[in-house]
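Okay, here's what each chain looks like letter by letter:
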Amino acid sequence: MLKITQHDIKIYIKHNLGFDQICEKHQCSKEELIRAINNIYESSNAAKAIKGIQRNTKQIEKSLRKTNKPAREMRALEESHLTPLEECTQAIDAESFLQGLKNQEVNLSEDVIKLESEHKSLIKQHRSNLKLLLGIRQRMDNIRKEFQSVANEYEALTTSNNELVDRINTVTEQQIQQNENLQNLRQQIQSLETITLCIYTDGRIELLDDDKVQLDDSGKEKFYHELISEESNQCQDLRLRDIKTIARLKAIVANSTHQVEVLFDDNALESYYTASN
């Protein structure tokens, strides 16, 4: 069964192929070709297709007649002088020439059909690539816009953070300065405040009315050794406990940042303390 499609017929008609060229290409008779066309088309469309092929066939034959007219006229002039052998030779040459032209036409038609098919395939691929390129360009534009937005946000945040760091440094310096000022002020206040120490006969030393102040008696050993040294005769009549009490009192007064007022319940101990200063 002849295998031919509507697309094939359309291409053949477009490229001016006649019955002879199509039949030669598909190795079929004219009747087989017409039956195949009737099978693949509806009746009205089949008639149009056959009519188109017939039109191409007539044009091919007309072109061949024009090409062979000079040869026919020459043969008519020399007809009376041709021998049967010469007439046969000329007929064979004309037929071979015609067949060569037909073969060239078939080959060119096939080349044109192949090139047209390749052209369509390339155009299709080109359009597909253009579509992909458009999608990639849109993605690049979106990425560019997103990057610019993030870059602007980063720059703004960096500027804000730098200002924050500057403010932190300023506040830190102010904090250090204020802490120093506060400590100096507290020391000044303490130096002007007076605490009252009560010295008891049993050796106890207590604050009179300020429980917040911590008594620091570090260094009392130094004062103790000074009081019992040979060079000092002031405490010779004191008990050892009294000497330790006076040494501790001296250390507390020396370490205190306040003004210190001392109250004794033993007048003799007070006299020794006053004398040791």
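Quick caveat: nothing in here was measured; it's all calculated off a predicted structure. (Residues numbered from 1 in each chain as written. Predicted model: local features only at pLDDT ≥ 70, side-chain atom pairs only at ≥ 80, totals over all residues. Heavy atoms only, no water.)

## Some points on the packing of aromatic side chains
So, point 1. Taken as a whole and assessed by the stated rule, the structure comprises 1 aromatic pair.
So, point 2. Each ring, one from phenylalanine 264 and one from tyrosine 273, has its centre 5.6 Å from the other, and the planes form 45 degrees; the classification is tilted.
So, point 3. Between arginine 204 and the ring centre of tyrosine 200, over which it is positioned, the NZ or CZ distance is 4.2 Å. (Phe/Tyr/Trp six-rings, centres within 6.5 Å; stacked < 30°, edge-to-face > 60°. Lys NZ or Arg CZ within 6 Å of the ring centre and 35° of its normal.)

## Comments concerning the environment of asparagine 16
So, point 1. The topology assignment puts asparagine 16 in the loop between α1 (6–14) and α2 (19–26).
So, point 2. Taking the C-alpha atoms as reference points, asparagine 16 and arginine 55, 39 residues apart in sequence, are found 8.5 Å from one another. (Helix = DSSP H or I, 4+ residues; strand = E, 2+ residues; numbered from the N terminus.)

## With respect to unusual backbone geometry
So, point 1. The phi dihedral of asparagine 16 is positive, around 65 degrees, even though this residue is not glycine.
So, point 2. Even without a glycine there, the phi angle at glutamine 27 is positive, about 55 degrees.
So, point 3. Within the fold, glutamine 27 resides in the loop between α2 and α3 (30–40).
So, point 4. In this structure glutamine 27 comes out as exposed when scored by relative accessible area, which is 68%. (Buried < 20%, exposed > 50% of the residue type's maximum accessible area, 1.4 Å probe, protein only.)

## As for the confidence of the model for the protein chain
So, point 1. Across the protein chain, pLDDT averages 84, with 86% of residues at or above 70.
So, point 2. When pLDDT is averaged over each element of the protein chain, helix α7 (residues 240–255) comes out on top at 91 and helix α4 (residues 43–77) at the bottom at 76.
So, point 3. Counting interchain partners and residues more than four positions distant, the pLDDT-below-50 stretch residues 76–89 has 4 contacts. (pLDDT = per-residue confidence, 0-100. Contact = heavy atoms within 4.5 Å.)

## Quick notes on α7
So, point 1. With 16 residues, α7 extends 23 Å from end C-alpha to end C-alpha; this agrees with the ideal 22 Å at 1.5 Å per step.
So, point 2. Along α7, the residues classified as buried are Asp242, Ile243, Thr245, Ile246, Ala247, Leu249, Lys250, Ala251 and Ile252.
So, point 3. Of the surrounding elements, those touching the buried residues of α7 are β1 (194–199), β2 (205–207), α6 (220–227), β3 (259–264) and α8 (267–276). (Expected span 1.5 Å × (residues − 1).)

## Things to note about the pattern of salt bridges
So, point 1. Following the criterion strictly, the structure yields 9 salt bridges and no others.
So, point 2. Its salt-bridge partner being glutamate 116, residue lysine 120 comes within 3.9 Å of it at the nearest N-O pair. Here lysine 120 and its partner glutamate 116 are both found in helix α5 (residues 84–192), 4 residues apart, which amounts to about one turn of the helix.
So, point 3. Under the relative-accessibility criterion, glutamate 116 is labelled buried at 16%.
So, point 4. Here aspartate 217 makes a salt bridge to arginine 248, at a shortest N to O gap of 2.9 Å. (Salt bridge = Lys/Arg side-chain N within 4 Å of Asp/Glu carboxyl O.)

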